[in-house]
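Architecture at a glance
Listed here are the chains, written in short residue letters.
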Amino acid sequence: MKDMVRIPFSEHGINERQICKKARTILTALTKAGYEAYLVGGAVRDLLLGKQPKDFDIATSAHPEQIKKVLPSTRIIGRRFRLAHVHFGREFLEVATFRAPHDESDKGLVSNDGRIIHDNVYGTVAEDAVRRDFTINALFYELKTGDVLDFIEGMQDIKQRQLRLIGDPERRYREDPVRMLRGIRFMAKLDFSLEPETKAPIKELSHLLSTISPARLFDETLKLFHSGQAVLTLDLLRKYCLFTCLFPLTEQSLEEDESGLFFNLVVAALNNTDKRIRAGKTINPAFLFAVMLWYQVKKGEKMYQEMGNPDLQSMHMAASEVLGHQVKSTAIPRRFSNVTREIWTMQGRFQFKACRRALGFLDNKRFRAAYDFMCLRANSGEPLEEDCEWWTLFQDISSDDQLAMCNSASSPKRKRSGRRRRRK
Ligand code: ATP
Ligand code: MG
């Protein structure tokens, strides 16, 4: 390990007022009680880059019980990694005790394929630095002195705007394949490049993501696509062969889709998501899955229709099948997958513009999501422009105008089925 370097305020420029007050309270309390405590990880990185940190993580020499003694509002969580959550009302900050990297010779800690399965071994701050993923995520800010502690030349990589995995990249990816996804996420979010040795093994090791639990991959997927750089993220994930582990059906669809319509839809949706995030608007994960799986759902729906099933039932059967397939890669909590399904099944309702159905549809609590989805389809080239225009206007006018509009709307021609009314 290289020697630790102390970087003073004059060089790093992080002002203590940029650190949230709660984090400062914790750092001061732990330091006063005689422990080491630092701000660490993404917060230090983002402050050095002039960005607003998402969260303020703290690392300390105090063990969880000791943290609780100093800060009684602490709740200790986790069995595998015991972490302290220091509460301030409903909000909390995460405080982690320094961890040592596991010993490679200790077979008890690593699975056969090299994954860490247990690493709750406390260590020193220097050890805690080297067990982290990228050098830029291993900088420690000390409130007491205002210095940044750099154990592995993280500052140099910040300046060169590159992501360098700490230690031997292949071994670090094998220990935890999610580090490959984190690399892509930071590349897109920070506009950094991958240092060549960090980049080299990714394609070959990408398949290791299949060993990660669908629940963890769901969390990572949301972080990837809700980072404000979703279009670039998609591009990078595909380039490094990682996308197919998260969305195998989507990758297949993108390859099958000769018209390019589906690709347009995905890109339009991700662009939209990026814009919403930058504008501080909320986003529902259900929408991401509705978009990503649309091609396969439509394909399945068509197949079931051709087998003679009614339209709505065909859509439901296709939805169950596609969602059932997707959750093998990324879990999707029911509260989201139910909405995804509703967005899909509602697509058939935009054609009905007669007053009773149209006004009822507007009142549906999923109308907005289904409408956004339909207009995205229209904007990406599906022949739905008229519907998108009609419903855009319809929801925005007075009830009198609405009545006039739906009274004059023509209903779609009924499909000719076997049960035609006999003329007298
Ligand atoms: P974000 O801005 O997304 O919060 P972050 O770097 O803070 O980015 P977190 O997931 O909050 O990411 O993790 C906090 C820190 O914990 C990281 O900066 C890194 O030092 C360490 N860390 C997180 N995940 C891993 C991992 N899989 N392997 C090694 N270290 C990790
Ligand atoms: Mg963080």
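Overview of the structure. (Residues numbered from 1 in each chain as written. Chains lettered and ligands numbered in written order. Predicted model: local features only at pLDDT ≥ 70, side-chain atom pairs only at ≥ 80, totals over all residues. Heavy atoms only, no water.)

Right, let's talk about the overall build of the chain for a bit. Counting its regular elements, the chain contains 23 helices and 10 strands. Dimensions of the chain, computed from the C-alpha atoms along their principal axes, are close to 95 × 50 × 40 Å. For the chain, buried positions account for 49% of its 424 residues. Expressed as a percentage of contacts within the chain between residues at least 6 apart in sequence, the contacts between residues at least 24 apart total 68%. Summed over its atoms, the accessible surface of the chain is roughly 22100 Å², and 48% of this surface lies on carbon and sulfur atoms. Positive and negative side-chain charges of the chain, numbering 68 and 55 respectively, have mean locations separated by a distance of 8 Å. (Helix = DSSP H or I, 4+ residues; strand = E, 2+ residues; numbered from the N terminus. Buried < 20%, exposed > 50% of the residue type's maximum accessible area, 1.4 Å probe, protein only. Contact = heavy atoms within 4.5 Å. Areas by Shrake-Rupley, 256 points an atom, 1.4 Å probe, with all protein chains shown as cover. Lys, Arg positive; Asp, Glu negative; His and termini not counted. Charge placed at Lys NZ, Arg CZ, Asp CG, Glu CD.)

Attention now moves to the pairing of strand β3 (residues 57–60). Strand direction decides the pairing type here: strand β2 (residues 37–40) and β3, joined by four bridges, are antiparallel. Residue alanine 37 lies in a different strand from β3, and its bridge partner there is threonine 60. Inspection of the sheet shows β3 paired to strand β6 (residues 91–97) by three bridges, in the parallel sense. From the neighbouring strand, isoleucine 58 faces β6, where its bridge partner is valine 95. (Pairing = 2+ DSSP bridges.)

This part takes up the sheet that holds strand β7 (residues 139–141). Working definition: the strands of a sheet are paired by backbone hydrogen bonds and lie parallel or antiparallel to each other. Here eight strands make up an open sheet; going across it, the order is β1-β8-β7-β2-β3-β6-β5-β4 and the pairing mixed. A single partner strand is all that each edge strand has here, and the edge strands are β1 (5–7) and β4 (74–77). Here the average twist between neighbouring strands, direction ignored, is 35°. Contacting β2, β3, β5 (83–88) and β6, helix α2 (residues 21–32) crosses the sheet at an angle of about 40° to β6. (Axes fitted to C-alpha atoms, helices over the stretch in contact; angles between N-to-C directions.)

Glancing now at the environment of glutamate 175. With respect to the helices, strands and loops of the structure, glutamate 175 is situated in helix α7 (residues 169–175). C-alpha separation for the pair glutamate 175 and leucine 208, spaced 33 residues apart in sequence, amounts to 10.0 Å. Reaching out from glutamate 175, the side chain makes a polar contact with the side chain of arginine 179 at a distance of 2.8 Å. (Polar contact = N/O pair within 3.5 Å; in protein donor to acceptor, adjacent residues only side chain to side chain.)

Residues in close proximity to ligand 1 total 17 residues, the closest being Lys54, Asp176, Arg179, Arg185 and Lys189. Contact between ligand 1 and aspartate 55: an oxygen atom at 3.4 Å from a side-chain N or O atom of the residue. Between arginine 182 and ligand 1, the recorded distance is 3.1 Å, taken from a side-chain N or O atom to an oxygen atom. Look at ligand 1: alone it shows 590 Å² of surface, and the protein chains cover 85% of it. Sorting the residues of the shell around ligand 1 by element identifies α3 (42–48) and α8 (178–190) as the ones contributing at least two each. Classifying every residue of the shell around ligand 1 by side-chain character gives one nonpolar, three polar and 13 charged. (Near = heavy atom within 4 Å. Nonpolar A, V, L, I, M, F, W, Y, C, P; charged D, E, K, R; others polar.)

Our focus in this paragraph is the state of the cysteines. On inspection of all chains with the given rule, the structure shows two disulfides. The side chain of cysteine 355 participates in a disulfide bridge whose partner is cysteine 406; the two sulfur atoms lie 2.1 Å from each other. Around the S-S axis, the bridge from cysteine 355 to cysteine 406 shows a dihedral of about 95° and counts as right-handed. With cysteine 355 in helix α20 (residues 355–362) and cysteine 406 in helix α23 (residues 399–407), the pair connects residues that are 51 residues apart, well separated along the chain. For the pair cysteine 355 and cysteine 406, a shared accessibility class is recorded, and that class is buried. Along the chain, the cysteines engaged in disulfide bonds are linked according to the scheme 1-4, 2-3 when indexed in sequence order. For cysteine 241, which is in no disulfide, the shortest distance to another cysteine sulfur is to cysteine 245 and amounts to 8.9 Å. Since its relative accessible area comes to 34%, cysteine 241 is described here as partly exposed. Taking the relative accessible area as the measure of exposure, cysteine 245 reaches 17% and is therefore buried. (Disulfide = S-S within 2.5 Å.)

In short, the description is geometric, and any link to function would need to be established separately.
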